[in-house]
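So the chains spell out like this:
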Amino acid sequence: MEQTKKILICGGGIAGPACAWWLSRYGYSVVLVEKAGALRDGGQNVDVKGAAQQVIKRMGLTEQVEARDTLECGQKWLDAASKVVAVFPKGSIGGLTCDFEILRGDFARILFDATRGTCDYRFGTSVSGVEEIENGVRATFANGTAEDFALVICADGVSSPTRDLALAAETRMRYLGAYMAFFNIPRRPEDDFWACSVNGIGGTMINLRPGGLTHTTVLMTFPAAEPGLRSPTTPSPREMLRAALVGRGKVADRIIAELDAVQDVYFGPMSQVQASTWSKGRLVLLGDAAHCPTPFTGKGTALALVGAYVLAGEIKRCATHTQAFEAYERILRPYAERSQQELSPRLIRLMHVRTRFGIAIAHLLQRCFGSALIQSLLQANATSKARRIDEDFTLPIY
Ligand SMILES: Cc1cc2nc3c(=O)[nH]c(=O)nc-3n(C[C@H](O)[C@H](O)[C@H](O)COP(=O)(O)OP(=O)(O)OC[C@H]3O[C@@H](n4cnc5c(N)ncnc54)[C@H](O)[C@@H]3O)c2cc1C
């Protein structure tokens, strides 16, 4: 597509700025609107896996990302009394810690710094309407002003209000049966560089992970009724969190003691976005707005980066936006769907064991998989597995 075009990106999370980086590099003029009044640099540990590492390398950002590594050295499973059940050092098969461990906020900041000089960031605004016009699309902003663009890219996250302006009927949310919350608590002297994971009664799963010098990050997930099925007396997020923590052991007690002071909680149902098409006219979906796999897969950020690379590349390569959007979806959809298929409501149920008996079985399995013997057997397969991971997606060259 001609490079004289002006492109609007909605959403300044991960996918939006990454796509802005590539589009600016290809010579397009990019306006990026973010609903929040400033960069949302919150969030906990995100994994940058597989092909996404290549995208970061091609952006020349590898050193910056490595410099912000959380230095997590592996995962320990603990019981309710915080006694170690099993240990998975970094590099173990089945462990939580991957090659690049970075806090989402640090990563968002790296992308923002890499794009703020080349694209027009507008904070504290969002798009309230889109209308196709001849050779373009007219976007109306929340303050009532309107502006014309060649394309609109919706990168405004899992609940994407901009997606709903055009593709609400084509999109469904697949609820996986659990809620999730991410937030920070103050770091304690005894906190080390291990991720600590606990299975609690009632299905609550908690992970404490290193989050820098001053805080420890909390990721917790717990089974709950589907959002739409919950009653008007539904408890508030904090009430739900508290209820999921009470009586769940030492780590949970520590979180309860800190909960009132926690400011910023990323909280919501664990739902995947399934859209039957990713574009309509001149509007296209990107990142979680198109195919959120849920943070539980550890693939959302990787998909956002790879998607941004492919979408920008196809916009540059193709003669028309229709061809570009078709090619982008054809190339990326199988990868996104594979990532989503890694999770199912059944698997989520199995992972969130509810009873003491279930937890005892989970501990047995954790011990078994963490043992030197099983790890060495699994590692024997690792070469072919590693190859498969590297080949999870072949990045086109643009
Ligand atoms: C504050 C925050 C914390 C997160 N923490 C974690 C975490 O700890 N672990 C994890 O795995 N994933 C986390 N995520 C999700 C993770 O960032 C995404 O799954 C993934 O990186 C894909 O990125 P994305 O850019 O598609 O979506 P997101 O990173 O969700 O970014 C979407 C952006 O769009 C903005 N936005 C929303 N509505 C509008 C609108 N109408 N107009 C303009 N902008 C809008 C949002 O404020 C946000 O900045 C978090 C997301 C956010 C926003």
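- Looking at an unreviewed UniProt entry, one finds the protein chain named FAD-dependent monooxygenase, with Janthinobacterium rivuli as its source organism.

**What about the site of the ligand?**
Inference 1: Around the ligand sit 27 residues in total, of which Ala15, Glu34, Gln44, Arg104 and Asp288 are the nearest.
Inference 2: A distance of 3.1 Å separates a nitrogen atom of the ligand from a polar backbone atom of Lys35.
Inference 3: Asp288 places a side-chain nitrogen or oxygen 2.5 Å from an oxygen atom of the ligand.
Inference 4: Contact with the protein chains hides 95% of the accessible area of the ligand, taken as 900 Å² for the molecule alone.
Inference 5: Sorting the residues of the shell around the ligand by element identifies strand 2 (29-34), strand 3 (45-47) and helix 9 (300-317) as the ones contributing at least two each.

**Points about the pairing of strand 13 (residues 194-199)**
Inference 1: Burial runs high along strand 13: six of the six residues are buried.
Inference 2: Burial of strand 13 is two-sided: the residues Trp194, Cys196 and Val198 facing one way and the residues Ala195, Ser197 and Asn199 facing the other way are all buried.
Inference 3: Two elements, strand 13 and strand 14 (residues 205-210), share four bridges in a ladder whose sense is antiparallel. Counterpart to Cys196 in the pairing with strand 14 is Leu208.
Inference 4: The hairpin formed by strand 13 and strand 14 contains five residues between the paired strands, and Gly202 there has a positive phi angle of roughly 85°.

**Some details on the packing of aromatic side chains**
Inference 1: The tally for this structure, following the rule as stated, stands at 14 aromatic pairs.
Inference 2: Seen from their ring centres, Phe182 and Tyr266 are 5.6 Å apart, and the 35° between their planes marks the pair as tilted. Of this pair, Phe182 sits in strand 12 (residues 171-186) while Tyr266 is found in strand 16 (residues 266-275), placing the two residues 84 residues apart along the sequence.
Inference 3: Pairwise contacts between aromatic rings join Trp21, Trp22, Tyr26, Tyr309 and Tyr398 into one cluster.
Inference 4: Stacked on the ring of Phe149, the Lys or Arg Lys6 has its end atom at 4.9 Å from the ring centre.
Inference 5: The ring of Tyr26 has Lys316 sitting right over it, with the charged end atom 4.7 Å from the ring centre.

What counts as what
Residues numbered from 1 in each chain as written. Predicted model: local features only at pLDDT ≥ 70, side-chain atom pairs only at ≥ 80, totals over all residues. Heavy atoms only, no water. Near = heavy atom within 4 Å. Polar contact = N/O pair within 3.5 Å; in protein donor to acceptor, adjacent residues only side chain to side chain. Areas by Shrake-Rupley, 256 points an atom, 1.4 Å probe, with all protein chains shown as cover. Helix = DSSP H or I, 4+ residues; strand = E, 2+ residues; numbered from the N terminus. Buried < 20%, exposed > 50% of the residue type's maximum accessible area, 1.4 Å probe, protein only. Pairing = 2+ DSSP bridges. Phe/Tyr/Trp six-rings, centres within 6.5 Å; stacked < 30°, edge-to-face > 60°. Lys NZ or Arg CZ within 6 Å of the ring centre and 35° of its normal.

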